[in-house]
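Here is how the chains run, residue by residue.
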Number of protein chains: 4
Amino acid sequence: MDRTVYMPKPVGTLEDPTTTLRDLMLSSDLTFLMEAHDGISSAIAAQAGFKGLWASGLSISSAIGYRDANEASWTDVVGVVERMADASGLPILVDGDTGFGNFNNARIVARKLKQRGASGICLEDKGFPKMNSFVGDRQPLADIDEFSGRLSAVRDTTGPDFVLVARTEALIADHSLDEALVRAHAYAKAGADAILIHSRKSVPDEILAFSKEWNNKLPVMIVPTKYYRTPVAEYRAAAISTVIWANHNMRAAISAMRQVCDRIIQEESIAGIEGEVATLDELFDLMNYGELAVAEDKYLPQAAHGHE
Amino acid sequence: MDRTVYMPKPVGTLEDPTTTLRDLMLSSDLTFLMEAHDGISSAIAAQAGFKGLWASGLSISSAIGYRDANEASWTDVVGVVERMADASGLPILVDGDTGFGNFNNARIVARKLKQRGASGICLEDKGFPKMNSFVGDRQPLADIDEFSGRLSAVRDTTGPDFVLVARTEALIADHSLDEALVRAHAYAKAGADAILIHSRKSVPDEILAFSKEWNNKLPVMIVPTKYYRTPVAEYRAAAISTVIWANHNMRAAISAMRQVCDRIIQEESIAGIEGEVATLDELFDLMNYGELAVAEDKYLPQAAHGHE
Amino acid sequence: MDRTVYMPKPVGTLEDPTTTLRDLMLSSDLTFLMEAHDGISSAIAAQAGFKGLWASGLSISSAIGYRDANEASWTDVVGVVERMADASGLPILVDGDTGFGNFNNARIVARKLKQRGASGICLEDKGFPKMNSFVGDRQPLADIDEFSGRLSAVRDTTGPDFVLVARTEALIADHSLDEALVRAHAYAKAGADAILIHSRKSVPDEILAFSKEWNNKLPVMIVPTKYYRTPVAEYRAAAISTVIWANHNMRAAISAMRQVCDRIIQEESIAGIEGEVATLDELFDLMNYGELAVAEDKYLPQAAHGHE
Amino acid sequence: MDRTVYMPKPVGTLEDPTTTLRDLMLSSDLTFLMEAHDGISSAIAAQAGFKGLWASGLSISSAIGYRDANEASWTDVVGVVERMADASGLPILVDGDTGFGNFNNARIVARKLKQRGASGICLEDKGFPKMNSFVGDRQPLADIDEFSGRLSAVRDTTGPDFVLVARTEALIADHSLDEALVRAHAYAKAGADAILIHSRKSVPDEILAFSKEWNNKLPVMIVPTKYYRTPVAEYRAAAISTVIWANHNMRAAISAMRQVCDRIIQEESIAGIEGEVATLDELFDLMNYGELAVAEDKYLPQAAHGHE
């Protein structure tokens with residue numbers, strides 16, 4: 001990607017990086033999606049070399065100042081994803097939570113996400129409003145048929161190129177491996193392109209067991225937030241399609257902002273931290289201020305230049 | 001501030017922390033405002049102990065994925081400030097850039113900022129669209145009378161309790177100290193509550209010279225981004241009212257996210273960074289998930305509980 | 001209300017017309033709330049002399065181009081209500097549908113509506129997403145305890161001055177008068193300020209029967225869309241508090257726009273309709289362009305005037 | 001257009017009706033664009049048979065409750081246009097006012113309008129903030145080079161299929177026909193696809209004089225709001241490309257809502273107006289509730305149906 005013209009680039013070149021997300025998901029090598037939650041985190045992940053983004057519901061909610069319980073409206077989320085797409089140019093898989101209501105809400109959200117530049121949506125088999133998977137125990141799962149209807153409605157509305165990922169919370173909710181498999185098969189039949197199997201164990205055993213039984217009927221995605229110690233070699237061996245690093249930009253930002261706030265209060269000075277934070281020039285580079293300077297030379301008459 | 005009930009708290013207790021901002025600005029001790037740019041950075045600054053926030057135009061633009069040249073719309077900015085107010089409960093001085101147009105745009109923006117929970121607005125004496133003060137040289141200043149009209153319109157629209165800060169870019173644009181003083185006096189007459197004198201020198205000489213001549217006709221605010229080495233004792237000695245740490249949460253976050261992205265790509269693992277980023281529990285605490293659990297016990301019938 | 005300064009007026013005078021809505025609702029005479037769905041319809045209703053507005057979910061959805069099935073997000077609705085409040089200065093009772101989710105969503109929506117200038121919210125005892133009451137038969141009602149939790153959460157969050165109306169769809173869903181009464185009593189206990197009893201019969205018999213049994217334990221509101229022939233004298237006799245004309249601005253606008261579109265297509269000319277549509281001067285007057293001209297004289301230096 | 005599936009239809013069929021707008025503009029017959037300002041007015045115009053829409057700045061501002069002086073933000077306008085496109089499926093030429101700032105703002109707005117489904121933008125040669133052309137006298141025109149830069153920037157950003165209309169206010173501002181022609185030639189060179197020549201005379205003389213001299217170097221668009229008596233045969237004879245009926249849906253709606261409000265207040269009843277306003281069934285049909293019923297049968301399990 002040519003970072004020198006990333007913003008604002010001709011609309012045509014921004015449209016539909018969806019094939020790219022599908023290609024990544026289907027490629028023989030393991031794919032990594034990096035969490036981002038706003039324009040700048042997306043630009044940073046793109047500049048670092050990630051090939052795709054995970055628009056995390058938890059991170060986006062937190063950035064806005066809401067809890068991961070569908071406090072933010074669906075249009076809030078769509079608006080954030082638009083800025084992520086524009087600022088990064090990367091394919092984005094959006095954490096669509098439970099679809100923001102029934103099949104009708106889900107298909108409207110999916111259409112709008114596609115319009116704003118997202119490449120896919122992931123829906124999980126719980127009700128609305130959702131609660132973060134790591135909060136509380138045994139959250140009730142959605143009825144299989146009803147959830148399959150949500151998937152089909154999205155499938156029929158967005159067309160075949162938009163990636164539809166079905167996430168089952170069966171294991172998170174302490175159901176059996178069989179329940180997870182039954183659900184995955186139903187969701188495949190309803191039109192899902194991939195299955196995200198979630199777990200909150202600190203080891204990947206149940207994930208790998210699922211993967212073995214599932215036998216790649218559709219690509220498998222995982223979120224190793226809790227079983228973070230597992231080497232990715234194991235996922236490659238298990239033919240997992242995609243690993244989502246689901247909240248690490250946000251957690252890094254929180255940690256850094258806390259430290260800086262604490263130090264500034266304690267030291268009553270920014271002299272000590274100056275060398276540890278990004279420079280303004282780095283920021284200007286990340287946001288491509290150079291393009292704006294070039295454009296001013298091109299489009300502004302000399303007399304109208306605001307800043308020589 | 002009682003962090004255990006910060007969200008969602010009764011609306012009544014959120015309204016008008018404007019007296020607090022005015023009190024801070026007028027207090028005999030030096031006041032510090034910390035930059036924030038979204039809900040989570042605001043919550044972090046509040047938890048760290050800052051008494052007030054600076055809603056930076058540069059940081060907010062960057063977070064959204066825009067450049068600091070009024071690419072984001074005024075409603076985009078108002079929306080972000082609303083989330084900052086709700087997530088922090090702190091008084092917020094908003095970087096209103098040049099007012100987003102003429103006097104009429106400025107007064108509409110100010111009214112809306114007040115409605116959403118901001119305690120004050122800072123307007124700078126340049127035109128629309130603005131360009132960041134640290135980009136390019138000798139940006140043209142606004143006509144004094146026209147800019148004074150913008151200030152008066154805001155003053156008349158928002159009422160006396162909303163804090164109106166006039167920022168002069170005279171020194172930034174290489175004008176004389178006299179020009180800065182002439183402007184400051186005009187802006188005071190137009191209804192400003194405080195003067196923000198900006199400089200991009202690496203030493204505070206011109207700021208201190210201004211302060212001496214100005215003699216505290218109105219409180220003085222400064223932004224020591226470039227002259228960061230100066231000890232705050234000098235500002236106390238000069239009877240400066242308020243120091244704005246203008247972009248350090250954003251710069252800390254950028255730096256941290258870059259490092260984490262680079263490491264994850266290099267290490268193909270999150271195991272190495274797990275100990276260096278905030279935990280999910282820290283995030284849940286920051287966003288007050290505890291309040292939601294308590295509220296569920298109170299307002300949800302047992303059978304409807306989503307997650308025991 | 002002084003229409004000559006209605007926009008943009010000092011924020012102070014706009015805040016909290018909530019007492020007015022409560023006063024209207026509690027007054028001994030019958031109160032009428034007129035449907036509006038955007039800025040201009042609200043300004044028109046205010047200019048015509050209505051004392052309060054009904055922000056109809058059906059009308060607002062339609063204006064935006066959505067169906068009355070919670071297709072619009074809650075922030076979409078809050079944004080429209082804000083413009084209605086600003087353009088009219090009137091107290092507004094907002095059709096909050098079923099609360100946009102559970103108790104937590106309901107209280108967030110209510111807080112935001114209050115912040116944007118609404119005076120009250122009406123919640124109905126169905127689930128999310130809702131479907132318009134006049135579409136289909138026997139829509140399922142919410143569990144009484146769960147819905148009461150939604151009401152209590154709003155009550156506790158918005159404070160006592162914000163008006164909370166509980167709307168029961170019991171009769172609409174073909175339940176008995178007893179069921180409606182049981183629900184009304186439960187909702188009163190949960191903190192409602194008034195009961196809206198809805199019916200889709202073409203005569204008001206069941207409404208009047210409810211009213212008689214209820215005996216004004218709390219004020220009663222009605223929506224005579226289907227039983228439109230009943231003279232209001234009957235409601236006065238029954239001590240009904242408030243009549244909501246729920247969609248008539250929207251239906252009038254639709255009818256007029258259809259006729260104008262048809263005629264322009266048929267006549268290939270606007271000459272024929274010129275005398276039947278509002279003049280531009282009427283529009284300028286309605287939106288108070290006079291205030292802007294006065295403000296330009298006051299705040300713009302002579303040289304900067306855009307249009308003498 | 002198949003109205004039975006207009007919403008929500010597969011995204012693919014919604015994208016880029018831009019060729020249609022270009023085809024209409026270039027066709028040998030006179031094209032008519034009908035003003036619309038929200039979802040429902042757009043759906044009505046589509047159902048009546050119009051082939052394209054004019055998203056009027058005046059009407060949209062008024063609907064939102066703002067004045068036509070760039071009080072609404074550019075994102076407000078983009079949001080409205082999105083709903084118009086979704087609700088109508090028609091090509092839309094958007095009144096982009098003066099571009100919401102400089103060349104950079106103009107190109108961002110144009111990109112976003114294209115993304116949301118608009119087919120073209122019209123920019124006028126004045127500054128920001130603009131004032132409605134029919135308010136005040138001799139509004140200052142933009143510098144030709146600077147405005148040409150705005151046009152080129154939009155041209156380069158949106159790609160060749162998005163229609164770019166340059167509107168000159170030369171005649172409105174009492175400049176000569178020569179000035180109008182000089183500007184039109186400059187704007188053509190800068191990349192405009194068509195010229196909109198505006199006049200506030202009650203006869204079309206100066207428009208026709210322009211058209212004769214211009215000799216169709218590019219298609220000509222006109223807005224006969226003030227010279228409404230002229231038969232369209234004269235425009236056909238002059239080989240005008242497109243006639244914009246610029247505010248007649250809004251003016252029809254205002255007139256109808258005023259009458260209905262006045263009558264309801266006077267009659268304390270809706271019985272008298274019931275036969276004169278659209279029925280709810282008409283509204284449900286216009287918004288395609290039938291599609292939702294069909295979709296519920298398809299995607300909702302029987303048990304989950306909300307309303308049989």
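It should be emphasised that the depicted structure is a prediction, and the values quoted were computed from it without experimental measurement. (Residues numbered from 1 in each chain as written. Chains lettered and ligands numbered in written order. Predicted model: local features only at pLDDT ≥ 70, side-chain atom pairs only at ≥ 80, totals over all residues. Heavy atoms only, no water.)

**Quick word on the domain arrangement of chain A**
All names here are of chain A.
Here is step 1 of the chain: Partitioning chain A into structural domains gives domain 1 (21–249) and domain 2 (254–303).
Here is step 2 of the chain: A straight line from the C-alpha centre of domain 1 to that of domain 2 covers 32 Å.
Here is step 3 of the chain: Residue-level contacts link 5 residues of domain 1 with 4 residues of domain 2.
Here is step 4 of the chain: In total, about 370 Å² of surface goes out of reach between domain 1 and domain 2, with carbon and sulfur atoms giving 75% of it.
Here is step 5 of the chain: Among the residues of domain 1 in contact with domain 2, I40, A43 and Q47 are the three that bury the most area, contributing 77% of the side total.
Here is step 6 of the chain: On inspection of domain 1 and its partner domain 2, the count reaches 0 salt bridges.
Here is step 7 of the chain: Here domain 1 and domain 2 share 1 residue pair in polar contact (both at pLDDT 80 or more) between them. (Domains from an automatic or database assignment. Contact = heavy atoms within 4.5 Å. Buried area = accessible area lost by both parts, 1.4 Å probe. Salt bridge = Lys/Arg side-chain N within 4 Å of Asp/Glu carboxyl O. Polar contact = N/O pair within 3.5 Å; in protein donor to acceptor, adjacent residues only side chain to side chain.)

**Focus on the interface of chain D and chain C**
Here is step 1 of the chain: Counting from both sides, the interface comprises 85 residues of chain D and, opposite them, 85 residues of chain C.
Here is step 2 of the chain: Buried area between chain D and chain C, summed over both chains or domains, comes out near 7300 Å², and the portion from carbon and sulfur atoms is 66%.
Here is step 3 of the chain: Counting across the chain D and chain C interface gives 8 salt bridges.
Here is step 4 of the chain: For the pair chain D and chain C, the interface holds 28 residue pairs in polar contact (both at pLDDT 80 or more).
Here is step 5 of the chain: Going through the elements one at a time, β1 (31–36), α3 (39–48), α4 (57–64), α5 (74–88), α10 (232–237), α11 (248–267), α12 (280–286) and α13 (289–299) of chain D are the ones with two or more residues in the side of chain D that touches chain C. (Helix = DSSP H or I, 4+ residues; strand = E, 2+ residues; numbered from the N terminus.)

**Brief notes about the side chain of N247(A)**
Here is step 1 of the chain: Position of N247(A) among the secondary structure elements: in the loop between β8 (242–245) and α11 (248–267).
Here is step 2 of the chain: We classify N247(A) as buried; its relative accessible area is 3%.
Here is step 3 of the chain: Other than its neighbours up to four places away in sequence, N247(A) contacts E35(A), L58(A), S59(A), T225(A) and L280(B). (Buried < 20%, exposed > 50% of the residue type's maximum accessible area, 1.4 Å probe, protein only.)

**Concerning the relation of the copies chain D and chain C**
Here is step 1 of the chain: With an RMSD of 0.0 Å, the operation that places chain D on chain C is a rotation of 180° combined with a shift of 0.0 Å along the axis. The transformation just described matches what one would write down for a two-fold rotation axis. In terms of C-alpha distance to the rotation axis, chain D has A253(D) as its closest residue, with the C-alpha 2.2 Å off the axis.
Here is step 2 of the chain: In this assembly the copies share their binding face: 100% of the residues contributing to the interface of chain D also contribute to that of chain C. (Least-squares fit on C-alpha atoms with pLDDT ≥ 70 in both.)

**Things to note about the sheet that holds strand β1 (residues 31–36) of chain B**
Residue and element names in this part refer to chain B.
Here is step 1 of the chain: Spatial ordering of the closed barrel is given by β1-β2-β3-β4-β5-β6-β7-β8, a layout of 8 strands whose pairing is parallel. Taken pair by pair, the neighbouring strands of this sheet meet at an average axis angle of 25°, ignoring direction.
Here is step 2 of the chain: Relative to strand β4 (residues 120–124), strand β3 (residues 92–95) runs parallel, the two sharing 3 bridges. The residue of β4 that forms the bridge with V94 is I121. (Pairing = 2+ DSSP bridges. Axes fitted to C-alpha atoms, helices over the stretch in contact; angles between N-to-C directions.)

**Let's talk about the interface of chain C and chain A**
Here is step 1 of the chain: Between chain C and chain A, the residue contacts involve 19 residues of the former and 18 residues of the latter.
Here is step 2 of the chain: Joining chain C to chain A, the criterion identifies 0 salt bridges.
Here is step 3 of the chain: For the pair chain C and chain A, the number of links is 9 residue pairs in polar contact (both at pLDDT 80 or more).
Here is step 4 of the chain: Those elements that provide at least two residues to the side of chain C that touches chain A are α5 (74–88) and α6 (103–115) of chain C.
Here is step 5 of the chain: Here the side of chain C that touches chain A gets 4 residues from one element, more than from any other, and that element is α6(C).
Here is step 6 of the chain: For the side of chain C that touches chain A, the class distribution of residues is 8 nonpolar, 7 polar and 4 charged. (Nonpolar A, V, L, I, M, F, W, Y, C, P; charged D, E, K, R; others polar.)

**Considering the packing of aromatic side chains**
Here is step 1 of the chain: Scanning the entire structure with this criterion turns up 26 aromatic pairs over all chains.
Here is step 2 of the chain: When the ring of F103(B) is compared with that of Y299(C), the centres are 5.4 Å apart and the planes differ by 40°; the resulting orientation is tilted. One end of the pair, F103(B), is in helix α6 (residues 103–115); the other, Y299(C), is in helix α13 (residues 289–299), on a second chain.
Here is step 3 of the chain: Accessibility expressed as a relative area gives 1% for F103(B), which makes it buried.
Here is step 4 of the chain: For the pair F147(C) and Y187(C), a centre-to-centre distance of 4.7 Å together with 70° between the ring planes defines the contact as edge-to-face. Note that F147(C) is positioned in helix α7 (residues 144–158) and Y187(C) in helix α8 (residues 177–190), a separation of 40 residues in sequence. For the pair formed by F147(C) and Y187(C), the shared burial category is buried.
Here is step 5 of the chain: Lying over the aromatic face of F134(B), K226(B) brings its terminal NZ or CZ to 4.7 Å of the ring centre. (Phe/Tyr/Trp six-rings, centres within 6.5 Å; stacked < 30°, edge-to-face > 60°. Lys NZ or Arg CZ within 6 Å of the ring centre and 35° of its normal.)

**Let's talk about helix α13 (residues 289–299) of chain A**
Every α-helix carries 3.6 residues per turn, so stepping three or four residues along brings you back to the same face.
Here is step 1 of the chain: All of the buried residues in α13(A) are Y289(A), E291(A), L292(A), A295(A), E296(A) and Y299(A). The buried residues of α13(A) occupy one face: seen down the axis, they fall within an arc of 145°. In α13(A), the exposed positions angled more than 90 degrees off the buried face are occupied by V294(A), D297(A) and K298(A).
Here is step 2 of the chain: Where α13(A) is buried, its residues contact α12 (280–286) of chain A, α4 (57–64) of chain B together with α6 (103–115) and α7 (144–158) of chain D. (Arc of directions from axis to C-beta.)

**Some words on the pairing of strand β1 (residues 31–36) of chain A**
Residue and element names in this part refer to chain A.
Here is step 1 of the chain: Of all 6 residues that make up β1, 6 are buried, and the element is covered over most of its length.
Here is step 2 of the chain: Pairing of β1 with strand β2 (residues 53–55), which is carried by 3 bridges, proceeds in the parallel orientation. Along β2, the bridge assignment pairs E35 with W54.
Here is step 3 of the chain: Following the chain from β1 across helix α3 (residues 39–48) to the adjacent parallel β2, one finds a crossover that is right-handed. (Right-handed = clockwise from strand over helix to strand, strands pointing away.)

**Some remarks on unusual backbone geometry**
Here is step 1 of the chain: In the segment running from F128(A) into P129(A), the intervening peptide bond is cis, with an omega of -10°.
Here is step 2 of the chain: Among the secondary structure elements, P129(A) is positioned in the loop between β4 (120–124) and α7 (144–158).
Here is step 3 of the chain: Within the chain, F100(B) stands out as a residue other than glycine whose phi angle is a positive 65°.
Here is step 4 of the chain: Along the chain, F100(B) turns up in the loop between β3 and α6.

**Digging into the sheet that holds strand β3 (residues 92–95) of chain C**
Strand pairs in the sheet, formed through backbone hydrogen bonds, run parallel or antiparallel to each other.
All names here are of chain C.
Here is step 1 of the chain: As summarised here, the arrangement of the 8 strands in space is β1-β2-β3-β4-β5-β6-β7-β8, forming a closed barrel in which the pairing is parallel. When strand polarity is set aside, the average angle formed by the axes of neighbouring strands in this sheet is 25°.
Here is step 2 of the chain: Judged from the 2 bridges that link them, strand β7 (residues 220–222) and strand β8 (residues 242–245) form a sheet pairing that is parallel. Each residue of the ladder has a partner; that of I222, found in β8, is V243.
Here is step 3 of the chain: Against the sheet, helix α11 (residues 248–267) makes contact with β1 (31–36) and β8, and its axis sits at roughly 40° relative to β1, the strand it touches most.

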